[in-house]
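Residue-level listing of the chains:
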Amino acid sequence: MEIKEEHIRETERLLINGNLFDTDERVPFIKNLDSCDLLAVPGSGKTTVLLAKLYCLAKHLPFKDGSGILVLSHTNTAVNEIEKSLKKVVPILFEYPNFVGTVQSFVNKFLANPACFLKYGSYIHQNDNDIYEKEAEKFYYSLPWKNTEPKGLRNKLFGKVNHGKGTISPDEKQQNVIEFLKYFELDIIERKIKYNNKPFYTFNGTAQPYYLELEQWKEDLFSKGILNYRDSFYLGDWFIENNPRITSLLKKRFKYVFIDEMQDLEKYQIDIIDKIFYTPESQSTIQRIGDINQSIYNSGKKVKVETDWQPREPVMYLRDSYRLTKENADIVNFFTLDRQQDENGNQRFVVNGKRELVNAIKPHLILFDKTTKGKLKEKFKELIKENQLDQTVEGKKYGFKIIGWSAKWEDEENHDGKFRLEDIFEEYKKDNSSIKETYTSLSEYLQYFDKNKRTLKAARKAILNALIHILRIENKKHAVTVRRKDKERYYTKKDLIKYIQEEKNGSNYEEFKSKLYKWSFDLAVKQKHEEVYHCIKDFINSDFKEWFGFEITNETQNFIGRNFEKLIQVEDKQENKQKEGINIEIGTVHSVKGQTHCATMYVETAYQRPTYETQKIIKNTSNPLLFHEHNCNGTYDKQALKMMYVGFSRPTHLLCFAVLKENVKDKIENYKNAGWEIFDLTENGNDKNNINKLH
Ligand SMILES: Nc1ncnc2c1ncn2[C@@H]1O[C@H](COP(=O)(O)OP(=O)(O)OP(=O)(O)O)[C@@H](O)[C@H]1O
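Only a predicted model underlies this, so the values are computations on that prediction, with no experimental measurement involved.

### Notes on the pairing of strand 3 (residues 99-102)
Inference 1: Pairing of strand 2 (residues 68-73) with strand 3, which is carried by four bridges, proceeds in the parallel orientation. Within strand 3, the residue paired with leucine 70 across the bridge is phenylalanine 99.
Inference 2: For the segment spanning strand 2, helix 4 (residues 76-86) and strand 3, crossover handedness is right-handed.

### Concerning the packing of helix 19 (residues 456-473) against helix 21 (residues 509-524)
Inference 1: Between helix 19 and helix 21, the shortest axis-to-axis distance is 8 Å and the interhelical angle comes to 120°. In terms of orientation, helix 19 and helix 21 fall into the oblique class. In this structure, helix 19 crosses over helix 21, and the sense of that crossing is right-handed. Across from Leu456, Ala459, Arg460, Ile463, Leu464 and Leu467 in helix 19, the residues of helix 21 making contact are Phe512, Leu516, Tyr517, Trp519, Ser520, Phe521, Leu523 and Ala524.
Inference 2: Across the contact of helix 19 with helix 21, the residue classes break down as 12 nonpolar, one polar and one charged.

### Observations regarding empty space enclosed by the protein
Inference 1: Counted under the stated rule, the structure contains one cavity of 30 Å³ or more.
Inference 2: Taken as a whole, the largest cavity holds about 60 Å³ of empty space.
Inference 3: Taken together, Ser122, Tyr123, His125, Ser223, Lys224, Arg472, Arg489, Tyr490 and Thr492 make up the lining of the largest cavity.
Inference 4: Of the residues that constitute the lining of the largest cavity, the class distribution is two nonpolar, four polar and three charged.

### Focus: unusual backbone geometry
What you tend to see is this: most non-glycine residues have negative phi, and most peptide bonds are trans.
Inference 1: For the peptide bond that leads from tyrosine 96 to proline 97, omega is 5°, which places it in the cis range.
Inference 2: Positionally, proline 97 belongs in the loop between helix 4 and strand 3.
Inference 3: A positive phi angle is found at asparagine 196, which is not glycine, with a value near 50°.
Inference 4: Position of asparagine 196 relative to the elements: it lies in the loop between strand 6 (192-195) and strand 7 (198-202).
Inference 5: Overall, asparagine 196 belongs to the exposed group, its relative accessible area being 57%.

### Description of the UniProt feature "binding site: ATP" (unreviewed entry) in the protein chain
Inference 1: According to UniProt, the "binding site: ATP" (unreviewed entry) feature falls on Ala40, Val41, Pro42, Gly43, Ser44, Gly45, Lys46 and Thr47. Lining the second largest pocket, from the residues just named, are Ala40 and Val41.
Inference 2: Looking at the secondary structure, you find glycine 43 in the loop between strand 1 (36-40) and helix 3 (46-58).
Inference 3: Residue glycine 43 is classed as buried on the basis of its relative accessible area of 13%.
Inference 4: Setting aside its immediate chain neighbours within four residues, glycine 43 contacts Ser321, Tyr322 and Arg323.
Inference 5: One can find glycine 45 in the loop between strand 1 and helix 3.

Here is what the cut-offs are and how they apply
Residues numbered from 1 in each chain as written. Predicted model: local features only at pLDDT ≥ 70, side-chain atom pairs only at ≥ 80, totals over all residues. Heavy atoms only, no water. Pairing = 2+ DSSP bridges. Helix = DSSP H or I, 4+ residues; strand = E, 2+ residues; numbered from the N terminus. Right-handed = clockwise from strand over helix to strand, strands pointing away. Axes fitted to C-alpha atoms, helices over the stretch in contact; angles between N-to-C directions. Parallel < 35°, antiparallel > 145°, perpendicular 65-115°, else oblique. Left-handed = near helix turned anticlockwise from the far one by under 90°. Contact = heavy atoms within 4.5 Å. Nonpolar A, V, L, I, M, F, W, Y, C, P; charged D, E, K, R; others polar. 1 Å grid on protein atoms, 1.4 Å probe; cavity = no way out; pocket = protein on both sides within 12 Å on 5 of 7 lines; lining within 4 Å. Points joined across faces, edges and corners; volume = space filled by probe spheres on them. Buried < 20%, exposed > 50% of the residue type's maximum accessible area, 1.4 Å probe, protein only. UniProt positions renumbered as here; feature names shortened; annotations may be inferred.

Here's what the structure looks like:
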């Protein structure tokens, strides 16, 4: 197969405003259909060239041999970006036999889900760390404390998990055990439990009864379809081990495999993809794309310092950043953690800004303190207006964002005045809903189902999810046959529909279908949340409970609630948009990975010690904000450097870094001389609005 020039021309019009892809690096990559890795700095167009290649390849679909294209990424956001760019122009790329999704969703669909069904008779119902962690807490509190021999699991874990931790309070010990239950890994092939990457219990070890108790707990969860993200990969490995043919089938199905955001993949994710596609007899092309200096994800709560990705030959590179201007790129450049050397001994990763603006904009350093942090958003808006960024193509296309490393506190402690995003931006605190599969009340299901798209499909899914949630509370299961054995399993959405279609217990499918359509329409289009809530409540209390044969228990009653509970966030967001004129989104650095913004304000926030980014990265003899090579060697300073590298490299036009004045006050002159535009929002400023530009 060959990529056609005419298709590349089409992608130039589609993706880069009719500019041309350069013939030194980008066109050769787009045309290359052999296995390779692609590495490049932020904004160099890695995702863009991948999109271009996908477009060109999709023009050849369906392939004669019936194979397809697999496109994987680490986050849903990245997958959505791919869909947004290509779904309209090459819809065929999103249809069978192709697959576009996260690594997690790929492993779930092709490996973990069939494994779960084969081994435990259930499909994955909830693949979510939050839900899993709640189960871990529940399990902990269900374990008895035994004072007689043999000691119970709870006693054993108290000793083993806290071993070598010195004198700590009983509360801390308990917390450590709960943490263990949340994060230990069960290798179902080897029958081993690992914790913090070290062996903990094994089936063959002396602690077999305790191993078995933990294994049993996990397997009970699996048979309810409850898994954490990591479990999917162990189940996936189990599936490959027990059904080796699956790897040949997948290789045959996916002739081309592309992985974006490669730097964020964990070793076990990289390994499972290699195990399937990177084998001696493999005919599949695997291309892996990323930037080693942007690895900021980790499966735990930590930020990654080193990436697990070991690029392998042949490696291709892209020079220059098309997103960044020279002014912004020059700063980002000094936040490169690992520059590497090329074969000529030159620095390999240099961030070179190619974007040119009619009026160049300097990077802005915004000084604030605890009492003036409330002015940050206003200031950002003012700068956007002053530079007329809301009138630009990029402003309209990419928008404006305020970002920070740490968003929320996980405890209710007093934090000595330290702040995270939620302490600065009230609206961020309120907007704590993320799109999930499971909520705790019917009202939540009907309002949080899809904050961004509000499609009919999303509304329908939410209603069905709420209904199967009730069947789960009521412990209603139905019979399935797995490997000729009869089993019982909780209803999936599909099962629920099938049951109603079969018109069991007087159920009426036609009536249900038209109700479901009306409710979905009223939710998604008319936004009549309360009205729909009452209709569904009536339905549950009449037909639904009769069709499925149960009496409503207190737990379901609580789930439904007495009245509709209006969640203010839903309305708030839209009202804000209209009021402000300029819409500014607030989010974490993690959430804007891979994105382009017109203007970005990065606000330093508290995380571990030393507390703020500037305190972490500024050393006696080196300060990357002043264009010095960094001297970051510790874990947290390296993490900070990476977060700033990712965060600072988002905007096409305006980069603002909002910093606590006390962290930079001795060096303000130096920042000015280095090229920062400085605004001082603090009390002692001398501007008429107390928003002071220091000249
Ligand atoms: N060859 C090009 N010519 C002009 N503009 C380009 C080119 N390639 C990419 N761009 C533009 O540059 C911006 C960044 O591109 P893209 O998101 O593909 O970069 P990236 O390398 O994937 O970034 P990151 O590393 O931050 O994820 C986009 O606005 C894109 O349209």
